[in-house]
Amino acid sequence: MTDATTELQRLRASIDNIDAALVFMLAERFRCTKQVGELKAAHGMPASDPGREERQIARLRRLAEEADLDPEFAQKWFGFVVAEVIRHHRIAAEDASD
Ligand SMILES: C=C(O[C@@H]1C=C(C(=O)O)C=C[C@H]1O)C(=O)O
């Protein structure tokens, strides 16, 4: 095996570990937001909270800059996740009103 192939394999093993960690962290996040959705549904609270999201975006952009990650990418990733969370919260609210 060439040096390059060995290095590629080593890097890909790290990428696979990181991807696994991301999946586990996302699963934990959704487990938590599911409980938030149930709490909101039970108390008639709105599915989304734009003020909270604004604060989260500002914080995440700051953290991304510190970590040398593109803040636009961090914001896009957050928006993608939150859109799914809100979709779940709306479904929870519908289920609670049935
Ligand atoms: C989880 C919540 O519900 C929504 C989803 C958010 C999130 O996924 O971080 C943030 C704000 C809300 O729009 C919440 O209100 O905390």
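Under an unreviewed UniProt entry, the protein chain has the name Chorismate mutase and belongs to Microbacterium thalli.

Turning our attention to the overall build of the protein chain. For the protein chain, the count of helices and strands is three helices and zero strands. Each helix and strand of the protein chain, ordered N terminal to C terminal, gives the series α-α-α. Computed over the C-alpha atoms, the radius of gyration of the protein chain is 18 Å, more than 25% above the 13 Å expected from 2.2 N^0.38 for a compact globule of 98 residues. A principal-axis box enclosing the C-alpha atoms of the protein chain has dimensions of 65 × 30 × 15 Å. The burial tally for the protein chain puts 16% of its 98 residues in the buried class. Computed over 14 positive and 18 negative side-chain charges, the separation of the two mean positions in the protein chain equals 3 Å.

Right, let's talk about a positive patch on the surface for a bit. Together, Arg 52, Arg 55, Arg 59 and Arg 62 line one region of the surface with positive charge. Assignment of secondary structure puts Arg 59 in helix H2 (residues 50–66).

Around the ligand, the structure places 14 residues, and the nearest of them are Arg 29, Lys 40, Asp 49, Glu 53 and Gln 56. Between the ligand and Lys 40 there is a distance of 2.7 Å, counted from an oxygen atom to a side-chain nitrogen or oxygen. Separating an oxygen atom of the ligand from a side-chain N or O atom of Glu 53 is a distance of 2.4 Å. In the complex, the protein chains occlude 90% of the 360 Å² of accessible area that the ligand would expose alone.

Another aspect to go through is unusual backbone geometry. Look at Asp 68: it is not a glycine, yet its phi comes out positive at around 65°. As for its placement among the helices and strands, Asp 68 is situated in the loop between H2 and helix H3 (71–97).

On the secondary structure map, Glu 65 appears in helix H2. Given a relative accessible area of 54%, Glu 65 falls into the exposed group. Each C-alpha atom, one on Glu 65 and one on Phe 24, is 24 Å from the other, the two residues being 41 residues apart in sequence.

With that out of the way, let us pick up the packing of H2 against H3. The relative placement of two packed helices comes down to the angle between their axes together with the axis-to-axis distance. The N-to-C vectors of H2 and H3 enclose an angle of 145°; their axes lie 9 Å apart at closest approach. The crossing of H2 and H3 is right-handed. Counting all contacts with H2, which are made through Glu 53, Gln 56, Ile 57, Leu 60, Arg 61, Ala 64 and Glu 65, the residues of H3 involved are Pro 71, Glu 72, Ala 74, Gln 75, Trp 77, Phe 78, Val 82 and Ile 86. Residues belonging to the contact of H2 with H3 are distributed by class as follows: nine nonpolar, two polar and four charged.

The rules behind the values
Residues numbered from 1 in each chain as written. Predicted model: local features only at pLDDT ≥ 70, side-chain atom pairs only at ≥ 80, totals over all residues. Heavy atoms only, no water. Helix = DSSP H or I, 4+ residues; strand = E, 2+ residues; numbered from the N terminus. Rg over C-alpha atoms; globule rule 2.2 N^0.38 Å. Buried < 20%, exposed > 50% of the residue type's maximum accessible area, 1.4 Å probe, protein only. Lys, Arg positive; Asp, Glu negative; His and termini not counted. Charge placed at Lys NZ, Arg CZ, Asp CG, Glu CD. Patch = residues over 30% accessible without salt bridge, like charges linked within 9 Å, V, L, I, M, F, W, Y side chains within 5 Å. Areas by Shrake-Rupley, 256 points an atom, 1.4 Å probe, with all protein chains shown as cover. Salt bridge = Lys/Arg side-chain N within 4 Å of Asp/Glu carboxyl O. Near = heavy atom within 4 Å. Polar contact = N/O pair within 3.5 Å; in protein donor to acceptor, adjacent residues only side chain to side chain. Axes fitted to C-alpha atoms, helices over the stretch in contact; angles between N-to-C directions. Left-handed = near helix turned anticlockwise from the far one by under 90°. Contact = heavy atoms within 4.5 Å. Nonpolar A, V, L, I, M, F, W, Y, C, P; charged D, E, K, R; others polar.

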